[in-house]
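Chain by chain, the residues run as shown.
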Amino acid sequence: MRGLVDKLRHWLGSLEPRERRLVLVAAAALIVFLPYQFIWSPLQNGIEDLETRVARERRDLAAMQSLALEVQRLRQQGAVAGTLAAGQSLLTVTDASARQQLGVAVENVREEGEGVRVQLRNAPFDDVMRWLDAMQQRYGAVVSEISIDRQNAGRISGRVVLSH
């Protein structure tokens, strides 16, 4: 290390005074620039990112709290999901609505124990979720079992068991 410092001093001494000043100014600029670039700037960017994330999380929390209050209000009003009309079976309703909303993606619909099993192949995920929501809202059917496999973009295959 001592030899390196001596070589550096010798090299600086061999430079013209103007060149020496230029090298020293450049070295001083690097001494200021490097810590800023590799320490201060990343810290500032990290702080800004965290502040943005905290603000987003606070908005999400406020939205969730608002929704929780809405759910609580609806529960207190006694809102209930729809029910099957007299003479309707869960199997019939499930088969008809699944084929209407999911079409050829419905491979099989059959009774399974207390519920109805629906076998799906290459069904649009969003359509399946809308169908399940409609079944719950209109008929009070709930998912008791679900097994899905992702196919290609936005499509799934699997089985759903609905019960009442």
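Please refer to the structure higher up on the page.
Computed from a predicted structure; not experimentally measured. (Residues numbered from 1 in each chain as written. Predicted model: local features only at pLDDT ≥ 70, side-chain atom pairs only at ≥ 80, totals over all residues. Heavy atoms only, no water.)

K.L.:
Report on the sheet that holds strand β4 (residues 155-163), specifying residues and quantitative values.
P.N.:
With antiparallel pairing, the four strands of this open sheet are ordered in space as β1-β2-β4-β3. Among the strands making up the open sheet, the edge pair consists of β1 (106-112) and β3 (142-150). Going across the sheet, the axis of each strand differs from the next one's by a mean of 15°, ignoring polarity. As defined by bridge partners, β1 adjoins strand β2 (residues 115-124) across six bridges and the pair is classed as antiparallel. If you follow V109 over to β2, its bridge partner there is V118. Packing of helix α3 (residues 90-102) onto the sheet brings it into contact with β1, β2 and β4, and relative to β1 it is tilted by some 170°. With respect to the sheet, helix α4 (residues 125-139) is in contact with β2, β3 and β4, its orientation differing from that of β2 by roughly 155°. (Pairing = 2+ DSSP bridges. Helix = DSSP H or I, 4+ residues; strand = E, 2+ residues; numbered from the N terminus. Axes fitted to C-alpha atoms, helices over the stretch in contact; angles between N-to-C directions. Contact = heavy atoms within 4.5 Å.)

K.L.:
Report on a nonpolar patch on the surface, specifying residues and quantitative values.
P.N.:
A cluster of nonpolar side chains, contributed by L30, F33, L34, F38, I39 and L43, occupies part of the molecular surface with about 630 Å² of accessible area. Residue placement: I39 occurs in helix α2 (residues 17-77). We classify I39 as exposed; its relative accessible area is 53%. (Patch = residues over 30% accessible without salt bridge, like charges linked within 9 Å, V, L, I, M, F, W, Y side chains within 5 Å. Areas by Shrake-Rupley, 256 points an atom, 1.4 Å probe, with all protein chains shown as cover. Salt bridge = Lys/Arg side-chain N within 4 Å of Asp/Glu carboxyl O. Buried < 20%, exposed > 50% of the residue type's maximum accessible area, 1.4 Å probe, protein only.)

K.L.:
Tell me about the packing of helix α1 (residues 2-14) against α2, and name the residues and values.
P.N.:
How two helices pack is summed up by the angle between their axes together with the distance between the axes. With their axes 8 Å apart at the nearest point, α1 and α2 run at an angle of 130° to one another. By the angle between their axes, α1 is oblique relative to α2. Contacts from W11, L12 and G13 of α1 reach α2 at R20, V23 and L24. (Parallel < 35°, antiparallel > 145°, perpendicular 65-115°, else oblique.)

K.L.:
Kindly report on the pairing of β4, identifying the contributing residues and their values.
P.N.:
Across the nine residues of β4, seven count as buried, placing the element largely inside the fold. Where β2 lies against β4, seven bridges are found, and the strand directions are antiparallel. Bridge pairing in β4 places V118 opposite V160. Relative to β4, β3 is paired through eight bridges, and the arrangement is antiparallel. Within β4, the residue paired with E145 across the bridge is V161. Counting the residues between successive antiparallel strands, the hairpin from β3 to β4 contains four residues, one of them, G154, with a positive phi of roughly 75°.

K.L.:
Please provide a residue-by-residue account of the environment of G113, values included.
P.N.:
For G113, the location among the structural elements is in the loop between β1 and β2. Through-space distance from the C-alpha of G113 to that of R21 is 90 Å; in sequence the pair is 92 residues apart.

K.L.:
Account for the pattern of salt bridges, with residues named and values stated.
P.N.:
Counting across every chain of the model gives six salt bridges. Between R73 and E70 there is a salt bridge, with its nearest N and O atoms 2.4 Å apart. With a gap of three residues between them, R73 and E70 both fall in helix α2, about one helical turn apart. According to the relative accessible area criterion, R73 is partly exposed, its value standing at 35%.

Remember that the coordinates give geometry; whether it matters functionally is a separate question.
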